[in-house]
Amino acid sequence: MKLIFALFVTFIALSSAHAWSITSQVKVSQSGQFQDSVTLYCRPDEALCKNVCNDANSCWKEQDVCFNCLGMANNVLRTVFTELERLYRNTNQVIEVKDIEKVFRKDHVFIAARSIYNFYMDLNKDEVQTLFQSLCPNRSAQPLVVLGKNSNNEPVQIKYIICEGTGQYNQDMYVLEYAPQTEIGNGNLNLNKP
């Protein structure tokens, strides 16, 4: 009887552990404009997609492009593509499924390693992918960094990272926190300005 109860608890835990996944895609339209979209996929028994877009299986949305960010002027994007691993850490605090709806709907932009905003590193190299993966608790194939944005669609805050687990609907969203890592050299600090 204890074995049956343990199997039942394990089944419930596994069935509620992963209920959704988000993918990002950037493409060029026939008119030559960039289109950046994200798709939320939901497990059939999960109400998340139904709540977000009234479709039980998936929700698609085109991300608004920040035209002021197409260059190297945005400090948040510069940090994402060059210093994310050094300045942020994963708190391992998982966002609850009910809060994923708010993040997907409101004032957030989802950034993949291959992004229209990456003016900092070669898109064909794996450096950004490795940088994003370093913040996941496992070797996530396609992590997404989630940024808060303002009314001009400009990223203003680094908030979360979406990492993959196992299975089809296998992602978790983790809170990122600002936690700069500094390198300690030989211990000689020169505080005098030239």
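Refer to the structure presented above.
These notes cover the structure that comes with them. (Residues numbered from 1 in each chain as written. Predicted model: local features only at pLDDT ≥ 70, side-chain atom pairs only at ≥ 80, totals over all residues. Heavy atoms only, no water.)

### Side note on the overall build of the protein
Part 1 of the argument: For the protein, the count of helices and strands is six helices and eight strands.
Part 2 of the argument: Element order for the protein, N to C, with α for helix and β for strand: α-β-β-α-β-α-α-β-α-β-α-β-β-β.
Part 3 of the argument: Scored against the burial criterion, the 194 residues of the protein give a buried share of 41%.
Part 4 of the argument: When contacts within the protein are restricted to residue pairs at least 6 apart in sequence, long-range pairs at least 24 apart make up 61% of them. (Helix = DSSP H or I, 4+ residues; strand = E, 2+ residues; numbered from the N terminus. Buried < 20%, exposed > 50% of the residue type's maximum accessible area, 1.4 Å probe, protein only. Contact = heavy atoms within 4.5 Å.)

### So, a nonpolar patch on the surface
Part 1 of the argument: The grouping of Phe67, Leu70, Met72 and Phe119 at the surface amounts to a nonpolar patch, some 430 Å² of accessible area in total.
Part 2 of the argument: Take Phe119: its relative accessible area is 36%, and that puts it in the partly exposed class. (Patch = residues over 30% accessible without salt bridge, like charges linked within 9 Å, V, L, I, M, F, W, Y side chains within 5 Å. Areas by Shrake-Rupley, 256 points an atom, 1.4 Å probe, with all protein chains shown as cover. Salt bridge = Lys/Arg side-chain N within 4 Å of Asp/Glu carboxyl O.)

### Re the state of the cysteines
Where two cysteines share a covalent bond between their sulfur atoms, that bond is called a disulfide.
Part 1 of the argument: Counted according to the given criterion, the structure contains four disulfides.
Part 2 of the argument: The disulfide partner of Cys42 is Cys49, and the gap between their sulfur atoms is 2.0 Å. The chirality of the disulfide connecting Cys42 with Cys49 is right-handed, given an S-S dihedral of about 85°. Each of the two residues, Cys42 as well as Cys49, counts as buried.
Part 3 of the argument: Residue Cys66 pairs covalently with Cys69 via a disulfide, S to S 2.1 Å. (Disulfide = S-S within 2.5 Å.)

### Considerations on the sheet that holds strand E3 (residues 58–62)
Across a sheet, strands are paired by hydrogen bonds formed along the backbone, either parallel or antiparallel in direction.
Part 1 of the argument: As summarised here, the arrangement of the three strands in space is E1-E2-E3, forming an open sheet in which the pairing is antiparallel. The two strands at the open ends of the sheet, each matched to only one other strand, are strand E1 (20–28) and E3. Averaged over all pairs of adjacent strands, the angle between strand axes in this sheet comes to 15°, irrespective of strand direction. (Pairing = 2+ DSSP bridges. Axes fitted to C-alpha atoms, helices over the stretch in contact; angles between N-to-C directions.)

### Comments concerning the side chain of Asp36
Part 1 of the argument: Mapping Asp36 onto the fold places it in strand E2 (residues 34–42).
Part 2 of the argument: Although Asp36 is buried, it makes no salt bridge; Lys149 carries the closest opposite charge, 9.4 Å away.
Part 3 of the argument: Ignoring any residue separated from it by four or fewer positions in sequence, one finds Asp36 in contact with Ser24, Gln25, Val26, Lys61, Glu62, Gln63 and Ile116. (Lys, Arg positive; Asp, Glu negative; His and termini not counted.)

### Some points on the sheet that holds strand E8 (residues 171–178)
Part 1 of the argument: Read from one edge of the open sheet, five strands run E4-E8-E7-E6-E5, paired in antiparallel fashion. Only two strands of the sheet have a single neighbouring strand rather than two, namely strand E4 (88–94) and strand E5 (108–111). Taken pair by pair, the neighbouring strands of this sheet meet at an average axis angle of 35°, ignoring direction.
Part 2 of the argument: On top of the sheet, helix H5 (residues 97–105) reaches E5, strand E6 (144–149), strand E7 (155–164) and E8; it is set at about 90° to E5, its chief contact.

### A few points about the pairing of E1
Every regular strand shows the same layout, with side chains that alternate between the two sheet faces.
Part 1 of the argument: Taken together, the nine bridges between E1 and E2 define a ladder with antiparallel strand orientation. Note that in E2 the partner of Ser24 across the bridge is Val38.
Part 2 of the argument: Adjacent in sequence and paired antiparallel, E1 and E2 are bridged by five residues, among which Gly32 carries a positive phi angle near 90°.

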